[in-house]
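Read off the chains here:
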There are 2 protein chains.
Amino acid sequence: MSSNTTSELLYVIKIGGNIVDNPVLLTQCLKAFSGIKGKAILVHGGGKLATQLAKDLNVPQEMVEGRRITDAETLKIVTMVYAGLINKNIVAQLQSLGVQAMGLSGVDANLIKAHKRVHASIDYGFVGDVDEVNISMIDNLLQQNTSIVIAPITHDGNGQLLNTNADTIAQSIATAMSAKYAVHLIYGFEKEGVLLDVNNPNSVIQHINKEKYQNLKDQQLIFEGMIPKMDNAFLALDKGVQSVMIGMAEKMNELINGIAGTTITQS
Amino acid sequence: MSSNTTSELLYVIKIGGNIVDNPVLLTQCLKAFSGIKGKAILVHGGGKLATQLAKDLNVPQEMVEGRRITDAETLKIVTMVYAGLINKNIVAQLQSLGVQAMGLSGVDANLIKAHKRVHASIDYGFVGDVDEVNISMIDNLLQQNTSIVIAPITHDGNGQLLNTNADTIAQSIATAMSAKYAVHLIYGFEKEGVLLDVNNPNSVIQHINKEKYQNLKDQQLIFEGMIPKMDNAFLALDKGVQSVMIGMAEKMNELINGIAGTTITQS
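Residues numbered from 1 in each chain as written. Chains lettered and ligands numbered in written order. Predicted model: local features only at pLDDT ≥ 70, side-chain atom pairs only at ≥ 80, totals over all residues. Heavy atoms only, no water.

Undergrad: Sorry if this is basic, but what is going on with the pattern of salt bridges here?
TA: Pairing is possible between side chains of opposite charge, provided their charged atoms come close. Under the counting rule described, the total for this entry stands at 22 salt bridges over all chains. Of the charged contacts, one joins Asp 167 of chain B and Lys 14 of chain B as a salt bridge, the two residues approaching to 2.7 Å between their closest N and O atoms. With a gap of 153 residues between them, Asp 167 of chain B in helix α6 (residues 166–177) and Lys 14 of chain B in strand β1 (residues 9–15) connect regions that are remote in the sequence. Judged by its relative accessible area of 11%, Lys 14 of chain B is buried. Three or more residues are tied together by salt bridges with common partners; here these are Lys 14, Asp 167 and Lys 229 of chain A. (Salt bridge = Lys/Arg side-chain N within 4 Å of Asp/Glu carboxyl O. Helix = DSSP H or I, 4+ residues; strand = E, 2+ residues; numbered from the N terminus. Buried < 20%, exposed > 50% of the residue type's maximum accessible area, 1.4 Å probe, protein only.)

Undergrad: Before we go on, may I ask you to explain the sheet that holds strand β11 (residues 182–189) of chain B in this structure?
TA: Strand pairs in the sheet, formed through backbone hydrogen bonds, run parallel or antiparallel to each other. Residue and element names in this part refer to chain B. Taken in spatial order, the eight strands of this open sheet run β5-β8-β2-β1-β11-β13-β14-β12, and their pairing is mixed. In the strand order of this sheet, the two ends are held by β5 (101–105) and β12 (207–208), each with one partner. Of the strand pairs in this sheet, β1 and β11 are connected by seven bridges, and their pairing is parallel. By the bridge assignment for β11, Tyr 11 is matched with His 184. Strands in contact with helix α2 (residues 23–34) are β1, β2 (39–44) and β8 (147–151); relative to β2, the strand with the most contacts, it is inclined by about 160 degrees. (Pairing = 2+ DSSP bridges. Contact = heavy atoms within 4.5 Å. Axes fitted to C-alpha atoms, helices over the stretch in contact; angles between N-to-C directions.)

Undergrad: Any chance you could explain the pairing of β1 of chain B here in plain terms?
TA: It is a general feature of regular strands that their side chains alternate between the two faces of the sheet. Residues and elements named next belong to chain B. Burial analysis of β1 places six of its seven residues in the buried class, which makes it a mostly covered element. As judged from the six bridges shared by β1 and β2, these two strands associate in the parallel manner. From the neighbouring strand, Tyr 11 faces β2, where its bridge partner is Ala 40.

Undergrad: Where do I start with the packing of aromatic side chains in this structure?
TA: Aromatic ring pairs are defined here through the distance separating the ring centres and the angle between the ring planes. Residue and element names in this part refer to chain A. Applying the stated criterion to the full structure yields two aromatic pairs over all chains. Their ring planes at 25 degrees and their centres at 5.0 Å tell us that Tyr 213 and Phe 234 sit as a pair that is stacked. Separated by 21 residues along the polypeptide, Tyr 213 in helix α7 (residues 210–218) and Phe 234 in helix α8 (residues 227–238) bring together distant segments of the chain. You can call Tyr 213 buried: its relative accessible area is 4%. Classification of Phe 234 by relative accessible area gives buried; the value is 5%. (Phe/Tyr/Trp six-rings, centres within 6.5 Å; stacked < 30°, edge-to-face > 60°.)

As structure tokens, this is what we get:
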């Protein structure tokens, strides 16, 4: 599937915990989001609020390779924090900024169907891997000029909620919607972008395509931690997403306007 | 405004805490909901889960005349429990029953705008009284055969979430939607209906209209606790709702089919 440059623009923007946890940065980011001309979807992560609530409730948290093991009590906590507290506060702020925002999780209108992760050696608990995105429902809402705010909770279709990685949700939605839209996928995170020198925030590589990525990798100039993110970006581009941008979430306005961060395209 | 008997049917069903707290009764109730032929909206209350979470988090709860005083910490709790945990679990169950359910709060898509309650002597905190229902958005979703599941959290349009009584939300939506639909408003609660003898569950009054209500009141045959519910029901009927049914939530199937509980109509 290749992107169609005459299609309507759609921004799929993912913001992570570092923004969600910081009210000032969050407001700044939502203001940038409210300035988008055209269709937009915001996917938010969880941040430290879920970890804090688990601590307050004496629910022990176990992380394996950076992933939260989601037992039944933890699932309740992340459902409350992600789909309740964070999602509704973001939507209320966006509404106050004049955005017709609607907060949904993957279970709502069967937006994102998933299955419980099966792993040979690790039991992740109620963690879901995405199977299917409800393209027509998302399209319907976008066509009514609704901006969708998505909490990273999905379901298996049999009544079971599942905790799903927000980066993956953003990518799944971006690739699914690229069947109809020219999708720009933006990942707001804590760094300026892809850096040539990981210790120098001024060394942002402004544009990377497949060829340049291969060259940089061959020269071992891509920081190891960035490789999964980059590989995921190229996967999204292969599936029809028009561009992937990675940059500092607090510079969301500049990211949206393509004047900060790293833009990744196929060619 | 008078109801139009040729309009499309819409069921607005409110279930309270006693059902939400009981997984078996909740499933039974959702099965009945899934059997509705036509458009349907489910409004759910909170139940004891919010009270329990407040206790677990050492957030003291204050009730004044049966209403929860909602300070900032309590608002976080009810947002998490109502809009997160309860709402998403109900939607996941309805999806598993084949209902294209979408869980929303009043803030989502600006569904229910409210204002912070002003009271001469009591500070209710972040409690909202309903100002306006977004009729066209609800209608859009219903026309896509989406069943809306509403958590009783609203907003003031300036970024502030507000805790709002679920009975009031059900009534506000029912009256607003009666501009287009023939609305049946059903309140599922813990009694069989309006009883002639409050101690005898077999003394349900099957049908009450304004005249009969006045007669029963004159004879002091209406239990005092029912009077606000009845007055609210007649208010909804005055504003165009076609019928109001009150009965036991676990008999939702019979309520929907009009063979249990008390049906209240204007004439």
